Amino acid sequence: MATTTTTTKVMGPRDGKAGFLGSIGVRFMIDGSDADERFSLVEHPMSPRALAAPLHRHTREDEYSFILEGRMGALLGDDVVEGGPGDLVHKPRNQWHTFWNAGDEPCRILEIISPAGFEQFFRELDAMGGAINADPEALAALNERYGQQMQPESVPELLERFGLVIGEHLTGGWTP
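This is a predicted model, so every value here is computed, not measured.

Caption draft 1: Inspection of the side chain of glutamine 148 at higher detail. With respect to the secondary-structure elements, glutamine 148 resides in strand 11 (residues 148-151). Side-chain polar atoms of glutamine 148 contact the side chain of asparagine 143, separated by 2.6 Å. Those residues in contact with glutamine 148, other than ones at most four positions away along the chain, are His56, Arg57, His58, Phe118, Phe121 and Asn143.

Here it is as structure tokens:
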């Protein structure tokens, strides 16, 4: 059995490259290459009432959102859930879902993605200026490359249904 040798790593609260995905932030903490492609870890800081993304589903990976601060809401299939600090929300592959900051204060989550690879989607999306600024054809190609399906037409209904906003820069001192 082959094992991978990795180096010990301590990441401080301001370490790691950060970016903006169009409505929420991303801070890259553990890439797949750091974990033998088993998982990756990113932080998503969210401004109050920020919608993270349209309804979407991943065909290759599961996501686990561990809430560090604030309130996170999520639509998982037909179920609406909300969690606070210390809660873990599982978003399994092939399930339509989205998530948002459900409160009026900043929210931060750790997003565990398994297996790794999807963290690169976030890097490419940040380089495009976020989902709102990305060329629609380029965004569609990016989704296809990463095995993700999106329903951009779901955004207006999500904003109205849950009292959310999209496209606003982060508040609370966090900057990419």
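Caption draft 2: Representation of the pattern of salt bridges within the structure. For the structure shown, the criterion picks out 12 salt bridges. Aspartate 126 is the salt-bridge partner of lysine 17, the closest N and O atoms lying 3.7 Å from each other. Separated by 109 residues along the polypeptide, lysine 17 in the segment before strand 1 (18-20) and aspartate 126 in helix 1 (residues 119-127) bring together distant segments of the chain. Each of Arg27, Glu43, Glu69 and Arg108 takes part in a single network of salt bridges with overlapping partners.

Procedures and definitions
Residues numbered from 1 in each chain as written. Predicted model: local features only at pLDDT ≥ 70, side-chain atom pairs only at ≥ 80, totals over all residues. Heavy atoms only, no water. Helix = DSSP H or I, 4+ residues; strand = E, 2+ residues; numbered from the N terminus. Polar contact = N/O pair within 3.5 Å; in protein donor to acceptor, adjacent residues only side chain to side chain. Contact = heavy atoms within 4.5 Å. Salt bridge = Lys/Arg side-chain N within 4 Å of Asp/Glu carboxyl O.

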